[in-house]
Structures are given as C-alpha cells and as structure tokens.
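Below, each chain spelled out in residue letters.
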Amino acid sequence: MTIEFHYLFLIASVTLASVSQILLKKGAMRKYPTFLRQYLNPWVIGGYFLLFFSVFLTNCGLRALSYLNAPVVESLGYVLVPVLSAFFLHEKMTLRKSVGIGCIVAGMIIFYI
C-alpha cells in the first residue's frame, strides 16, 4: 500500500514539473521592458515555485521506492510537456510528436511488464 502511495508522489512531481515548464515557456514568449522584469513576473515566479515543490515531492516519493523506478516515472514528463503545450499554448501536435509520445508510453509499459 505504501509503495503505490509513493508512486503518486513521483507522478505528482513530474506533473508539477511539466506544468512548471509550460509556465516558464509562457513567460518566455512575452516581451518585457527591463531585464529585471523579465525574471520577476508571475509566470517565472510561479514556474520556479512549482519546480521547487516538485523537487520536494520527488524526495518524498523516492524514500520508499527503488531508484530504478524514478527514470521510468520521469519519462512521463516527455509525454506531458507536448500534450500540455498543445492544450495551453496551442502548439501543433505533429505526427512526429505523436509517434514519439507513443514510443515513450510503450517503453514505460514494457518496463513495468
């Protein structure tokens, strides 16, 4: 029971890190009048806060799990970032991205079988 609970920590960590990347990307797409304002805006501050919290969740998740499981769960980020980019930033989901996502998901399934 506790092992499944710690997997949820890792999945939440990867999800937060992916959302953090989307926030940072959204902040980078805007133009700011000063160099300082470029880094002290809500998108960047929110993105780095989520990234910091993601590190905390990863630490909690890896307390009871083998370190061999971490890269497999971390690869979920390679699926979430393009999907979230397509949904929130309206980026195109190309055939190449879809095939890549399919390969990553297939690799995760094969690892756990």
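Remember, it's a predicted structure, so these values are computed and weren't measured experimentally.

**Some words on unusual backbone geometry**
Point 1. If you check the backbone angles, H90 has positive phi at about 55° while not being a glycine.
Point 2. Among the structural elements, H90 can be located in the loop between α5 (76-88) and α6 (95-112).
Point 3. A relative accessible area of 68% means that H90 is categorised as exposed.

**Description of the packing of α5 against α6**
Point 1. One can describe the packing of α5 onto α6 by two numbers: an axis separation of 9 Å at closest approach and a directional angle of 150°. As the angle between them shows, α5 and α6 are arranged roughly antiparallel. The interaxial crossing formed by α5 with α6 has left-handed handedness. Of the residues in α6, those in contact with L76, Y78, V79, P82 and V83 of α5 are I101, I104, V105 and M108.
Point 2. The residue makeup of the contact of α5 with α6, split by class, is 9 nonpolar, no polar and no charged.

Rules of the game
Residues numbered from 1 in each chain as written. Predicted model: local features only at pLDDT ≥ 70, side-chain atom pairs only at ≥ 80, totals over all residues. Heavy atoms only, no water. Helix = DSSP H or I, 4+ residues; strand = E, 2+ residues; numbered from the N terminus. Buried < 20%, exposed > 50% of the residue type's maximum accessible area, 1.4 Å probe, protein only. Axes fitted to C-alpha atoms, helices over the stretch in contact; angles between N-to-C directions. Parallel < 35°, antiparallel > 145°, perpendicular 65-115°, else oblique. Left-handed = near helix turned anticlockwise from the far one by under 90°. Contact = heavy atoms within 4.5 Å. Nonpolar A, V, L, I, M, F, W, Y, C, P; charged D, E, K, R; others polar.

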